[in-house]
Amino acid sequence: MPSRPRSVTDVARARFLERLAQWMYIAPAATYLLLFFGYPLVKNLVMSFQQYTITTFYTGAAPFVGMENYSKILSSDLFPKALLTTFLFTAGSVIGQFALGLAFALFFQRRFPLGGLLRSLLLLPWLLPLVVSGTTWRWLLDPDTGVANAALRGLHLTSSGVPWLTGTSQALVSVILVNIWVGIPFNTAILYGGLQDIPAHLYEAAKLDGAGSLASFRHVTWPLLRPAVSVVLVLGAVYTVKVLDIILVVTGGGPAGATETLATQSYELSFRQFEFGRGAAMSNVLIVLSLAFAVVHLRASRRAQNV
Amino acid sequence: MISPAGSSAWRTAARLTAAIALVVAATGCGGATGAGSATSKVTSITALDYYTDEPEHSQWGETLSACGRTVGVKVEQASVPGASLIPKVLQQASSRTLPDLLMLDNPDLQQIAQTGALTPLDRYGIDSRGFAQGILSAGTYEGKVYGLAPYVSTVALFYNKDMLAEAGVAVPGTWDELKAAAAELTRPGRYGMAVDANPTFESAWQFLPFLWSNGGEERQLDTPRAAQALQLWVDLVKRGSMSKSVLNWTQADVHDQFVAGRTAMMINGPWRIPALNKDKNLHWGVAPIPVPQTGQTPVTPLGGEVWTVPQSPSTARREKAAQVLACLNEPSSMLALAKQHFTVPSRSTVASRYAEQVPSMAAFVKSVQAARSRTRELGVKWPKAATGIYTAIQSALTGEQTPEEALRHAQQTAIGD
């Protein structure tokens with residue numbers, strides 16, 4: 001029997017089924033994203049235009065107030081201070097984490113006894129719950145009884161001790177230091193991975209050309225590490241700008257609001273003062289900031305691909 | 001009848017949460033009975049509190065069970081940490097899964113009552129006469145009583161008897177005596193005095209007795225009287241009699257400092273007494289909070305948790321919960337509870353009987369009588385004033401602002417919207 005030519009409808013049917021299958025593959029991920037990312041995001045956006053208080057939770061009534069929440073938080077005299085603190089905290093943390101992370105990555109690239117073990121131990125800060133490490137740091141930095149000041153006094157570097165957590169300018173430095181410590185494993189891991197990808201023969205070639213270690217870092221390591229560097233910096237900035245737990249545990253935003261960032265402000269508004277509308281507005285400002293970093297990252301990576 | 005929460009998305013989310021909660025409840029405790037409609041016989045009710053620490057948790061568990069037995073229901077107690085209670089309650093309010101019996105810290109009652117999630121207690125024929133005025137006003141919202149507390153507490157001055165004896169210092173009764181005693185008691189590695197001055201509501205609570213005893217008001221924070229009270233704390237830190245770390249300490253930290261012998265005196269509450277008694281080498285005493293001038297009586301803030309009956313579709317469950325609540329507030333229960341927790345029964349007649357039976361608590365019984373609830377003046381606006389107060393404490397103790405400047409800002413925070 002001669003095979004029947006495929007009709008137009010059959011082709012359309014097959015194409016439709018193929019489409020359907022494609023969508024079925026996407027569906028679980030899309031559902032997940034919509035439910036757990038899309039919904040909260042939209043909800044938060046809507047909330048920021050509402051007068052959303054404790055009562056709303058029970059009655060569901062949240063009157064629309066337009067831009068009032070935004071104008072209230074942006075005109076508050078706490079906002080510029082918190083914005084500056086957020087900037088200093090993010091910049092300080094990211095630079096510190098990156099510099100130390102890169103140093104560790106370069107160090108562990110060399111082969112030496114126990115190198116692998118030490119490298120895995122370096123991941124420890126990552127494995128500890130942030131509340132645990134925050135509490136431990138609070139003890140270490142305690143101005144009266146902490147190890148940090150005991151060491152400084154023992155070395156006769158200071159007689160009275162540094163007010164790590166109680167001085168308005170020192171407290172910000174302290175939370176930055178703690179956050180750097182928390183971020184080192186992430187930076188080291190990614191940068192170490194990036195270093196492994198650089199072919200060894202390039203270093204040999206550089207050596208033959210008479211390049212010292214500094215020159216080979218500048219002309220081989222750094223250019224080839226660029227993609228990893230941009231990932232680390234952008235993700236680092238996005239993670240850091242929203243850090244809440246470390247600050248809450250170590251200083252609670254104090255002393256006198258010296259470590260109050262946009263993230264802690266948002267928490268404070270929502271969960272201490274129960275001004276959920278304003279808390280949502282504040283966190284949206286934070287989301288816009290993170291988004292700006294993400295856009296920079298996407299652009300940079302596209303440029304890197306084109307090169 | 002309560003109108004269901006807003007949009008359909010809300011309802012979906014609420015149902016999801018409820019479903020998850022149900023699954024958790026079903027797997028968690030196999031004996032859980034069904035939702036119990038109005039017609040079926042209620043055999044068990046749920047209760048939520050923040051008594052997570054032992055022995056408090058099991059003591060309360062026993063009391064709730066005992067009261068449940070007298071009214072013929074099983075009480076399933078759940079406890080969450082203090083800081084998570086309100087978020088938990090809000091979550092439950094929106095998913096309509098509030099417990100049958102809910103405990104709230106007394107300054108939070110009015111805010112929760114304002115939402116409509118609680119039922120007034122007169123509906124169940126609960127008699128609120130005979131309760132001390134302070135706690136009754138904290139449990140009242142718009143003229144109706146929503147919550148009753150079996151016992152109340154307040155803060156006082158705890159001191160280390162050995163350290164005072166060794167330094168030859170008498171227990172301070174006035175502010176000047178407090179400053180002198182604190183300076184006298186300070187040694188290397190030890191401070192004379194400790195308070196909680198951290199950036200939370202806890203420090204506002206500790207500061208209130210100083211503010212109120214000096215004639216300051218939470219309604220008007222930018223007054224010389226309020227500034228004098230704040231100046232006292234500033235002086236203690238400036239003279240080195242109080243660690244600057246008070247800026248970070250919670251009440252629990254203050255307690256730890258005291259137990260470790262790193263401070264000779266502290267402000268704290270009687271709920272610390274069981275822990276203090278555990279250390280046999282620690283000889284401590286308790287006295288009223290020092291007042292500005294001799295002969296004045298300290299005005300202290302009222303602490304204590306009120307029990308409430310949230311809205312629920314089942315009248316039968318609410319009735320049972322109300323019966324358990326009434327049982328908790330019986331004179332005999334409150335007397336037993338107060339003895340267990342070193343607090344003061346909230347019915348005035350029971351309190352005076354208690355003072356005779358437990359002489360060591362007489363100081364607290366006396367100060368609780370004059371104690372004021374934090375929401376008496378400002379009601380649901382109290383959290384704003386409290387935010388202003390703790391911000392001012394932080395600014396003044398760090399030296400960022402003078403007490404006067406700090407309190408001017410506090411007043412702006414308190415009245416701002």
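Definitions and limits used
- Residues numbered from 1 in each chain as written.
- Chains lettered and ligands numbered in written order.
- Predicted model: local features only at pLDDT ≥ 70, side-chain atom pairs only at ≥ 80, totals over all residues.
- Helix = DSSP H or I, 4+ residues; strand = E, 2+ residues; numbered from the N terminus.
- Rg over C-alpha atoms; globule rule 2.2 N^0.38 Å.
- Buried ≥ 20, exposed ≤ 12 C-beta atoms within 10 Å, placed from the backbone.
- Contact = placed C-beta atoms within 7 Å.
- Domains from an automatic or database assignment.
- Nonpolar A, V, L, I, M, F, W, Y, C, P; charged D, E, K, R; others polar.
- Pairing = 2+ DSSP bridges.
- Axes fitted to C-alpha atoms, helices over the stretch in contact; angles between N-to-C directions.
- Expected span 1.5 Å × (residues − 1).
- Core = buried A, V, L, I, M, F, W, Y, C linked by C-beta atoms within 7 Å.
- Arc of directions from axis to C-beta.

Participant: Kindly report on the overall build of chain B, identifying the contributing residues and their values.
Facilitator: Secondary structure assignment for chain B yields 17 helices and 13 strands. For 417 residues, the compact-globule estimate of 2.2 N^0.38 gives 22 Å, and the C-alpha radius of gyration of chain B, at 22 Å, lies within 12% of that figure. Taking the principal axes of its C-alpha atoms as reference, chain B extends roughly 70 × 50 × 40 Å. By residue count, 52% of the 417 residues in chain B fall in the buried class. Sequence-distant contacts in chain B: of pairs separated by 6 or more residues, those separated by 24 or more amount to 74%.

Participant: Which residues make up the overall build of chain A, and what are the values?
Facilitator: Per the secondary structure count, chain A includes 14 helices and zero strands. Put simply, chain A runs from its N terminus to its C terminus through helices and strands in the order α-α-α-α-α-α-α-α-α-α-α-α-α-α. Here chain A has a C-alpha radius of gyration of 26 Å; the compact-globule value for 307 residues is 19 Å, and the former is much larger. Considering chain A as a whole, with its 307 residues, one finds that 33% of them fall into the buried category. Pairs at least 24 residues apart make up 67% of the contacts formed inside chain A by residues separated by at least 6 positions.

Participant: Which residues make up the domain arrangement of chain B, and what values do they have?
Facilitator: Accessible area lost during the coming together of the parts is what is often quoted as the interface size. Residue and element names in this part refer to chain B. Its domain assignment divides chain B into domain 1 (41-152 + 303-369) and domain 2 (156-300 + 378-415). A C-alpha centroid distance of 29 Å is found between domain 1 and domain 2. In this complex, domain 1 contributes 11 residues to the contact, which on the side of domain 2 involves 14 residues. Of all the secondary-structure elements, those providing two or more residues to the side of domain 1 that touches domain 2 are helix 4 (109-115) and helix 15 (362-369). Looking at the side of domain 1 that touches domain 2, its residues break down into four nonpolar, seven polar and no charged.

Participant: Which residues make up the interface of chain B and chain A, and what values do they have?
Facilitator: Counting residues at the interface gives 29 residues for chain B and 22 residues for chain A. Elements represented by at least two residues in the side of chain B that touches chain A include exactly helix 3 (82-94), helix 4 and helix 16 (382-398) of chain B. Of the residues forming the side of chain B that touches chain A, the biggest block, six residues, is contributed by helix 16 of chain B. Split into classes, the residues belonging to the side of chain B that touches chain A amount to 10 nonpolar, 17 polar and two charged.

Participant: How would you explain the sheet that holds strand 10 (residues 263-268) of chain B if you had to name every residue and give the values?
Facilitator: Residue and element names in this part refer to chain B. Pairing is mixed across the open sheet formed by four strands, whose spatial order is 9-10-8-11. Across the chains shown, the open sheet's two edge strands, defined by having one partner strand only, are strand 9 (191-194) and strand 11 (284-287). Across the sheet, the axes of successive neighbouring strands diverge by a mean angle of 15°, strand direction being ignored. Sheet topology places strand 8 (residues 156-160) next to strand 11; four bridges connect them, and they run antiparallel. Looking across to strand 11, one finds that Asn160 is bridged to Trp284. Here helix 10 (residues 251-259) sits on the sheet in contact with strand 8, strand 9 and strand 10, set at roughly 155° to strand 10.

Participant: Help me get a handle on helix 12 (residues 315-328) of chain B, residues and values and all.
Facilitator: Along an α-helix, a turn takes 3.6 residues, which lines up residues three or four apart on a common side. Here helix 12 of chain B spans 20 Å end to end across 14 residues, near enough to the 20 Å set by a 1.5 Å rise per residue. Within helix 12 of chain B, 10 of the 14 residues are buried, leaving the element largely enclosed by the surrounding structure.

Participant: Got a sec to walk through the nonpolar core? Specific residues and values, please.
Facilitator: In this structure, Leu230, Leu325, Val344, Ile389 and Ile393 of chain B are the most contacted members of the largest nonpolar core, which totals 164 residues. Element by element, the count of residues in this core is highest for helix 9 (residues 168-196) of chain A, at 10 residues. Setting aside anything within four residues of it in sequence, one finds Val344 of chain B in contact with Tyr151, Val152, Ser153, Ala338, Ala351, Tyr354, Met361, Phe364, Val365 and Val368 of chain B.

Participant: Help me get a handle on helix 14 (residues 348-357) of chain B, residues and values and all.
Facilitator: All names here are of chain B. Regarding helix 14, the residues found buried are Val350, Ala351 and Tyr354. Buried residues of helix 14, viewed axially, fall in a sector of 100°; they line one side. Within helix 14, the exposed residues directed more than 90 degrees away from the buried face are Thr349 and Glu356. Buried residues in helix 14 make contact with helix 13 (331-341), strand 13 (344-345) and helix 15.

Participant: Which residues make up the sheet that holds strand 3 (residues 101-105) of chain B, and what values go with them?
Facilitator: All names here are of chain B. Taken together, five strands build an open sheet; the order of strands is 2-1-3-12-6 and the sheet is mixed. Looking at which strands have only one partner, the edges of the open sheet turn out to be strand 2 (74-79) and strand 6 (147-148). Contacting strand 1 (44-49), strand 2, strand 3, strand 6 and strand 12 (305-308), helix 12 runs over the sheet at an angle of about 55° to strand 1.

Participant: Let's hear about unusual backbone geometry: which residues, and what values?
Facilitator: Residue and element names in this part refer to chain A. We note that His156 has phi near 60°; this positive angle belongs to a residue other than glycine. Here His156 shows up in the loop between helix 8 (147-154) and helix 9. One non-glycine residue, Phe274, lies in positive phi territory at about 55°. Structurally, Phe274 is set in the loop between helix 13 (262-272) and helix 14 (276-306).

Participant: Explain the environment of Leu84 of chain A to me, and be specific about the residues and the numbers.
Facilitator: Relative to the elements of secondary structure, Leu84 of chain A occurs in helix 4 (residues 78-109). Between the C-alpha atoms of Leu84 of chain A and Leu106 of chain A, which are 22 residues apart in sequence, the distance is 33 Å.

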